[in-house]
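Examining the three-dimensional arrangement
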Amino acid sequence: MKTGNNHLYGISDNDMEIIESIVITLAIICHSYIENRGRYSAEKLAKGYSTLGSSHSKRAFTSLISNLYNIDYTNGKFPEQINKQIAQHLLKQNTNYMCLPELSKLLKKLESYDIFCKIEGKKNIKSKSPESLPRKPKVGLKRRGGYLVIRKTSRSIEDYKRIIGNPNTLMIINQKLAKYNNLLRPFYELLIDDVLEAIKKGDENANAFLTACITSTFPDLDRDKIDLESFKTALADRANKDLEEDKKAFERYLLQNPNSHFFFILSLTGLTSPDPQ
């Protein structure tokens, strides 16, 4: 942690501790995936993805977690605002696709994981998150009713976003992981292979879950152009030799271009359990 070069990159000792925590969490995840990979067949993975995409609440959870890195909750948002963002990400025109009581239960669950915190009451909201309260609605629009509550991301999440969002610290994380017996290469290799096999065997629910994950991890992709059914056909028609070359090329890309969103999502495991193992 104390190499003497940290301050050259503008990295404080406190930030370096966060970096080390993220690196250790990621190393444990990679090692565990490699060690346990044989226990999960492509069919089981596809079934698991299908389960995660099988209901509104599960898809909302996937959307909410996968978009913590892209959407700013620092100033807090009302539940209906979060619901609308989830619906938009899932390409649902009806923003009431998931009722607010269900969403509130989900957000409350994430409080215990130190991902979201809750601020109640108009005075508290104004003092702790002054930019979140909208102006008085125009005539004809529905007014807010009931006790005001907003949710905002925790300090830990904001620290993670800040650390991993810095190209210098992201590169340090990638370099440190590379020193753990080259964990990243076999991890990416197995992950790419497993995801492709699961796509081949997945159903509509699995496609919904994987599409949300892919577009969150690679936000520059045009979601409207992601058609996993067509992709399955292309995979089936692709010669094995060419497909292996494609996988190797993608693996090299991931090794040379650390993905901040992907690292962020994986590092959340360090928050959801006191013991990452």
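See the structure shown above.
Below or above, wherever it landed, is the structure these notes cover. (Residues numbered from 1 in each chain as written. Predicted model: local features only at pLDDT ≥ 70, side-chain atom pairs only at ≥ 80, totals over all residues. Heavy atoms only, no water.)

This part covers the overall build of the chain. Secondary structure summary: the chain contains 14 helices and two strands in total. In the chain, which comprises 277 residues, the share counted as buried stands at 43%. Within the chain, contacts between residues at least 6 apart in sequence are counted, and of these 77% link residues at least 24 apart. (Helix = DSSP H or I, 4+ residues; strand = E, 2+ residues; numbered from the N terminus. Buried < 20%, exposed > 50% of the residue type's maximum accessible area, 1.4 Å probe, protein only. Contact = heavy atoms within 4.5 Å.)

Okay, helix α3 (residues 56-66) next. Buried residues of α3: Arg59, Ala60, Thr62, Ser63, Leu64, Ile65 and Ser66, and no others. The inward-facing, buried residues of α3 contact α2 (42-52), α4 (79-89), α5 (100-111), β1 (116-120), α10 (204-217) and α13 (260-267).

Turning our eyes to something else, we now look at the environment of Tyr40. Residue position: Tyr40 is located in the loop between α1 (13-36) and α2. Sequence spacing of Tyr40 and Asp194 is 154 residues, and the spatial spacing of their C-alpha atoms is 9.0 Å.

Where α10 meets helix α11 (residues 228-237), the closest approach of the two axes is 11 Å, and the angle between their N-to-C directions is 95°. Accordingly, the angle class assigned to the pair α10 and α11 is roughly perpendicular. Contacts between α10 and α11 involve Asn207, Leu210, Thr211 and Ile214 from the former and Leu228, Glu229 and Lys232 from the latter. Residues of the contact of α10 with α11, tallied by class, amount to three nonpolar, two polar and two charged. (Axes fitted to C-alpha atoms, helices over the stretch in contact; angles between N-to-C directions. Parallel < 35°, antiparallel > 145°, perpendicular 65-115°, else oblique. Nonpolar A, V, L, I, M, F, W, Y, C, P; charged D, E, K, R; others polar.)

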